[in-house]
Amino acid sequence: NSGHSAALSSRSDAMAADRVIVVGGGLAGLSATCELLERGCNVTIIEKESNLGGNSSKATTGIAAPGSAIQKANGITDTGSDLVVEGPAAEALVKSGPQDMEWLTKTLGVNSELVLRLTPGHSGTPRTIGTKTHFPGAVITYAAIHVLGQVAQGKPDRLQIISS
């Protein structure tokens, strides 16, 4: 959707003159690039492989997101308390993960593809965000590649992608 790439490429502020190097074109690097572009940075992605996407593009199950909007829309209250006991890193993911995931899927325009799933290991609570038709990793990662590719093509001063 060109509206999503326009939103990422049009914003400019004090950071616009800076160029940030993102090492790796997997979902983490692509997500970081989206946020940096939103904040007005110029970005160069450096990827060792010939294609972007990394291992995230092969993810088959989905993203566990306790307390997400999709759970609330389905009448599910979920604090993720069973996950928080795993330690500080798990607690941080439970606290900010759903909002981060919702920001990314909205930015990429894939919210209409999302479904809620019950997956093993989640205390019988449906909290895994999947997609309607394809592997969730592929849907989200390829949407990011598409949107960022549009930005790189339309505004090469804002985003440069270097791969093998």
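In this text, all values refer to a predicted model and were calculated from it rather than measured experimentally.

Enquirer: So what's going on with the overall build of the chain? Residues and values would help.
Expert: From N to C terminus, the chain includes six helices and six strands. When the helices and strands of the chain are listed from N to C terminus, the series reads α-β-α-β-β-α-α-α-β-β-α-β. Long-range contacts, defined as pairs at least 24 residues apart, comprise 69% of the intrachain contacts of the chain with a sequence gap of at least 6. Total accessible area on the chain is roughly 8700 Å²; 55% of this is exposed by carbon and sulfur atoms.

Enquirer: Any details on the sheet that holds strand β4 (residues 114–117)? Residues and values, ideally.
Expert: Read from one edge of the open sheet, three strands run β3-β5-β4, paired in antiparallel fashion. Each edge of the open sheet is held by one strand with a lone partner, namely β3 (63–64) and β4. In this structure, β3 lies alongside strand β5 (residues 128–131), joined through two bridges in antiparallel fashion. Among the inter-strand pairings, A64 is bridged to a residue of β5, identified as T128. Against the sheet, helix α6 (residues 136–154) touches β3, β4 and β5, its axis set at about 75° to β5.

Enquirer: How would you summarise a nonpolar patch on the surface if you had to cite specific residues and measurements?
Expert: On the surface, I21, V23, I46 and I162 cluster together into a nonpolar patch covering about 370 Å² of accessible area. Positionally, V23 belongs in strand β1 (residues 19–23).

Enquirer: Hey, could you go over the nonpolar core for me, with residue numbers and the actual values?
Expert: Core analysis: the largest hydrophobic core is formed by 22 residues, its most contacted members being V43, I45, L108, L148 and L159. Residue assignment for this core shows that the elements contributing at least two residues are α2 (27–38), β2 (42–47), α5 (88–108) and α6. For this core, the element with the most residues is α6, which contributes eight residues. Once residues within four sequence positions are removed from consideration, I45 is found in contact with V22, G24, G25, L30, T33, L52, L148, L159, Q160, I161 and I162.

Enquirer: Report on the environment of A138, specifying residues and quantitative values.
Expert: Topologically, A138 is positioned in helix α6. What makes A138 buried here is its relative accessible area of 15%. Apart from the residues lying within four places of it in its own chain, the contact partners of A138 are S56, S57, A59 and A143.

Enquirer: Give me the lowdown on the layout of surface pockets, citing residues and values where you can.
Expert: Empty space within the largest pocket amounts to approximately 370 Å³. The wall of the largest pocket is formed by 19 residues, among which I63, A64, L93, G97 and M101 lie closest to the centre. Those elements that provide at least two residues to the lining of the largest pocket are α2, β3 and α5. With nine residues, α5 is the largest single contributor of residues to the lining of the largest pocket. Partitioned by chemical class, the residues of the lining of the largest pocket number 14 nonpolar, four polar and one charged.

Enquirer: Describe in detail the packing of α2 against α6, supporting the description with residues and values.
Expert: Contact geometry of α2 with α6 gives a least axis separation of 10 Å together with a crossing angle of 45°. By the angle class used here, α2 and α6 are oblique. The interaxial crossing formed by α2 with α6 has left-handed handedness. Facing L27, L30, T33, C34 and L37 of α2, the residues of α6 in contact are I140, T141, A144, I145, L148 and V151. Split by residue class, the contact of α2 with α6 holds nine nonpolar, two polar and no charged.

Here is what the cut-offs are and how they apply
Residues numbered from 1 in each chain as written. Predicted model: local features only at pLDDT ≥ 70, side-chain atom pairs only at ≥ 80, totals over all residues. Heavy atoms only, no water. Helix = DSSP H or I, 4+ residues; strand = E, 2+ residues; numbered from the N terminus. Contact = heavy atoms within 4.5 Å. Areas by Shrake-Rupley, 256 points an atom, 1.4 Å probe, with all protein chains shown as cover. Pairing = 2+ DSSP bridges. Axes fitted to C-alpha atoms, helices over the stretch in contact; angles between N-to-C directions. Patch = residues over 30% accessible without salt bridge, like charges linked within 9 Å, V, L, I, M, F, W, Y side chains within 5 Å. Salt bridge = Lys/Arg side-chain N within 4 Å of Asp/Glu carboxyl O. Core = buried A, V, L, I, M, F, W, Y, C linked by side-chain atoms within 4.5 Å. Buried < 20%, exposed > 50% of the residue type's maximum accessible area, 1.4 Å probe, protein only. 1 Å grid on protein atoms, 1.4 Å probe; cavity = no way out; pocket = protein on both sides within 12 Å on 5 of 7 lines; lining within 4 Å. Points joined across faces, edges and corners; volume = space filled by probe spheres on them. Nonpolar A, V, L, I, M, F, W, Y, C, P; charged D, E, K, R; others polar. Parallel < 35°, antiparallel > 145°, perpendicular 65-115°, else oblique. Left-handed = near helix turned anticlockwise from the far one by under 90°.

Read these as layout, nothing more, since geometry by itself doesn't imply function.
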